[in-house]
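Breakdown of the fold
Each chain is listed here by its residues.
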Amino acid sequence: MIKVGCTGYPIGRDRYWRSLSFVETDTGKGLPRLETLASWRADIPEEGEAALQALRTITHGPEDRGFPASARKFPRNRQVLCGSFRESLEVHEAWMATKAAAETLGAKIVVFESPPSFQPGSDRLRDIYSFFKKAARGKMTFVWHPRGGEWATLGDKVCGELGLIRAFDPLRQSPPRKGVFLYMRPIVARMGALSVDNMATIAAASADIPAYVALSHRASLRDAERLRDLLGSKRTR
């Protein structure tokens, strides 16, 4: 099984779900109202699936690109308590909001993306272990996408011990140690598109294990449909 989709809806939801069976919600910088998420859920067909991006107040600090605008409204002494999975009221509230959003959307996967500034160290390891050990996940699976090469080997160890799936960029990284499924987030130049070789690389990475692919560049819809067709043809040969 492989599901290909976009990060966010590049077109109307009705048309999107007629073409693709997966979406990663673009909610890291801000969560919609629960009523909005409920309407999104109502549009998802039986075979469709949505993963939810965790609010970046959990992972990003005020100096990181992508820090949520809602957190910018906090006083400075509260902003510095955001991010890095740290044990703070700000991070806890962001997780509670994320959890409620995932439950309302019916998302079985929650994606946490940490910024390049979040690198291995005793304090950082303490905080990420504490966060994921305490976060009640119920039937949800947690996906963690660490940025920065320092996690190349240690990331698999952390994920194995915490029961996480490590997201990766198949165009630049080898697949992580095999888990329940692979979660791929290819990074393509915003104005670029997946080449034939890129799509072959993604197909090879997902050859023997269930996988998800979330595309976020400008041509993501067209490329998701192309990749869907390529993978479908390979599976039926």
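Our structure is the block above this text.
Presented here is a report on the structure given in the accompanying data block. (Residues numbered from 1 in each chain as written. Predicted model: local features only at pLDDT ≥ 70, side-chain atom pairs only at ≥ 80, totals over all residues. Heavy atoms only, no water.)

This part is about helix 6 (residues 122–134). Helix length check: helix 6 (13 residues) gives 18 Å between terminal C-alpha atoms against 18 Å at 1.5 Å per residue, within 8%. The complete set of buried residues in helix 6 reads D127, I128, Y129, F131 and F132. (Helix = DSSP H or I, 4+ residues; strand = E, 2+ residues; numbered from the N terminus. Expected span 1.5 Å × (residues − 1). Buried < 20%, exposed > 50% of the residue type's maximum accessible area, 1.4 Å probe, protein only.)

Turning our attention to the sheet that holds strand 8 (residues 211–215). Spatially, 6-5-4-3-2-1-8-7 is the arrangement adopted by the eight strands of the open sheet, whose pairing is parallel. Each end of this open sheet is capped by a strand with a single partner; those strands are strand 6 (165–166) and strand 7 (182–184). Here strand 2 (residues 22–25) pairs with strand 3 (residues 49–53) via four bridges, running parallel. Across the sheet, the residue bridging to V23 is A50, located in strand 3. Contacting strand 2, strand 3, strand 4 (109–114) and strand 5 (141–146), helix 5 (residues 89–105) runs over the sheet at an angle of about 170° to strand 3. (Pairing = 2+ DSSP bridges. Contact = heavy atoms within 4.5 Å. Axes fitted to C-alpha atoms, helices over the stretch in contact; angles between N-to-C directions.)

Locating Q79 in the fold gives a position in helix 4 (residues 76–79). Ignoring any residue separated from it by four or fewer positions in sequence, one finds Q79 in contact with P62, F67, A71, R72 and F74.

Along the polypeptide, M191 turns up in the loop between strand 7 and helix 8 (196–205). Separated by 40 residues in sequence, M191 and L231 place their C-alpha atoms 23 Å apart.

Attention now goes to the packing of aromatic side chains. If you walk through the whole model with that rule in mind, you get 22 aromatic pairs. Each ring, one from Y16 and one from W17, has its centre 5.4 Å from the other, and the planes form 85°; the classification is edge-to-face. With respect to burial, Y16 and W17 carry one shared label: buried. Plain terms: the ring middles of F22 and Y212 are 5.0 Å apart, the flat faces sit at 55° to each other, and that makes the pair tilted. With a gap of 190 residues between them, F22 in strand 2 and Y212 in strand 8 connect regions that are remote in the sequence. Comparing F22 with Y212, the two get one shared label, buried. Here R78 stacks its cationic end above the ring of F74, 4.2 Å away from the centre of that ring. (Phe/Tyr/Trp six-rings, centres within 6.5 Å; stacked < 30°, edge-to-face > 60°. Lys NZ or Arg CZ within 6 Å of the ring centre and 35° of its normal.)

At a minimum axis separation of 10 Å, helix 6 and helix 7 (residues 154–162) run at an interaxial angle of 30°. The angle between the axes of helix 6 and helix 7 places the two elements in the roughly parallel class. Crossing geometry of helix 6 relative to helix 7 is assigned as right-handed. Of helix 7, the residues touching helix 6 (which contributes L125, I128, Y129, F132 and K133) are L154, K157, V158, E161 and L162. In terms of residue class, the contact of helix 6 with helix 7 is built from seven nonpolar, no polar and three charged. (Parallel < 35°, antiparallel > 145°, perpendicular 65-115°, else oblique. Left-handed = near helix turned anticlockwise from the far one by under 90°. Nonpolar A, V, L, I, M, F, W, Y, C, P; charged D, E, K, R; others polar.)

Geometric descriptors of this kind do not, in isolation, establish any biological role.
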